[in-house]
Amino acid sequence: MFDIAIIGAGPAGASAALFAAKAGKKTLLLDNDKSITKRAWIGNHYGVPEITGPDLVETGKKQAAKFGAEVKQATVTNVAKDGDKFRIETESGESYEASQVIIATGLLTDLAEKIGLKLKDGTEPRIKTVIDVAADGRTNIDGIWAAGTVAGVSVHTIITAGDGAKVAINVISKLNGERYVDHDVLKT
């Protein structure tokens, strides 16, 4: 069983997976390869002069894997509560179990709607519907969180990546029972 499963491997999902795995949590990152970022040219991402969307997505998945996240290509069809865990089902018939789930599906809210997450109107141009979340990323279903564009933040990759990290930190803190902080120190 995974501590944290993240559905969606764009900037929000990969960032969440990176933080979760780096914190020592058994982490699953499920990617359906439909990230809107894969169509982007990015010249306004802090610390990166310019990068293609596909390169940014692949770099994020590699960073998450480097810290131990399992990255799987899969389209999730259902998430269901099963006792004290969630069962995540995929189009190919595979299923996974996780204690906590982060939905980071970008523009796509069909899964969220199917599993009973509360939705609301989006405020970004061309974003019709988003998941209704608390400031920390919690949804109306305990144990399911949301991050990135699907949670109502701006579509800009730097913002969605930051939101994924924020939500992951909050999930890690919940699992640890105390506030988690991740700081690396420059080695000289």
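Residues numbered from 1 in each chain as written. Predicted model: local features only at pLDDT ≥ 70, side-chain atom pairs only at ≥ 80, totals over all residues. Heavy atoms only, no water.

Draft legend 1. Broad picture of the overall build of the protein. What the protein contains, in helices and strands, is four helices and eleven strands. In summary, the protein has a C-alpha radius of gyration of 15 Å against a globular reference of 16 Å for 188 residues, a match within 12%. Counting only C-alpha atoms, the protein reaches 45 × 40 × 35 Å along its principal axes. The contacts of the protein with a sequence gap of at least 6 include a subset with a gap of at least 24, amounting to 54%. For the protein, the exposed surface amounts to about 9600 Å²; the carbon and sulfur share of it is 50%. (Helix = DSSP H or I, 4+ residues; strand = E, 2+ residues; numbered from the N terminus. Rg over C-alpha atoms; globule rule 2.2 N^0.38 Å. Contact = heavy atoms within 4.5 Å. Areas by Shrake-Rupley, 256 points an atom, 1.4 Å probe, with all protein chains shown as cover.)

Draft legend 2. Representation of the pattern of salt bridges within the structure. Following the criterion strictly, the structure yields twelve salt bridges and no others. Between aspartate 82 and arginine 87 there is a salt bridge, with the nearest N and O atoms lying 3.5 Å from each other. Of the charged contacts, one joins aspartate 136 and arginine 138 as a salt bridge, the two residues approaching to 2.7 Å between their closest N and O atoms. Bridged by salt links that share partners, the residues Lys22, Asp182 and Asp184 form one connected network. (Salt bridge = Lys/Arg side-chain N within 4 Å of Asp/Glu carboxyl O.)

Draft legend 3. Spotlight on the side chain of threonine 149. By the element assignment, threonine 149 lies in the loop between β11 (144-146) and α4 (157-176). Not counting the four nearest positions on each side in its chain, threonine 149 is found in contact with Gly106, Leu107, Ile127, Val130, Ser154, Val155 and Thr160.

Draft legend 4. Inspection of the environment of proline 49 at higher detail. The residue proline 49 is located in the loop between β3 (41-42) and β4 (51-52) in this model. On the basis of relative accessible area, proline 49 is assigned to the exposed category, the value being 73%. For the pair proline 49 and threonine 90, spaced 41 residues apart in sequence, the C-alpha to C-alpha distance is 37 Å. (Buried < 20%, exposed > 50% of the residue type's maximum accessible area, 1.4 Å probe, protein only.)

Draft legend 5. Up close: the layout of surface pockets. Roughly 520 Å³ of internal volume is contained in the largest pocket. Contributing to the lining of the largest pocket are 33 residues, with Asn32, Ala104, Thr105, Gly106 and Leu108 lying nearest its centre. Elements with a contribution of two residues or more to the lining of the largest pocket: α1 (11-22), β2 (27-31), β6 (76-82), α3 (110-114) and α4. Looking at the lining of the largest pocket element by element, the count peaks at three residues for α3. Its volume calculated, the second largest pocket comes out at about 410 Å³. For the second largest pocket, the lining is made up of 17 residues, of which Ile36, Leu107, Arg126, Val155 and His156 are closest to its centre. (1 Å grid on protein atoms, 1.4 Å probe; cavity = no way out; pocket = protein on both sides within 12 Å on 5 of 7 lines; lining within 4 Å. Points joined across faces, edges and corners; volume = space filled by probe spheres on them.)

Draft legend 6. The pairing of strand β8 (residues 95-103), seen in detail. Taking burial as the measure, the nine residues of β8 include seven buried ones, the bulk of the element. For strand β1 (residues 2-7) and β8, the ladder comprises five bridges, and the chain directions are parallel. Bridging from a neighbouring strand, isoleucine 4 pairs with glutamine 100 of β8. Of the strand pairs in this sheet, strand β7 (residues 85-90) and β8 are connected by four bridges, and their pairing is antiparallel. Note on β8: the bridge partner recorded for glutamate 89 is serine 95. (Pairing = 2+ DSSP bridges.)

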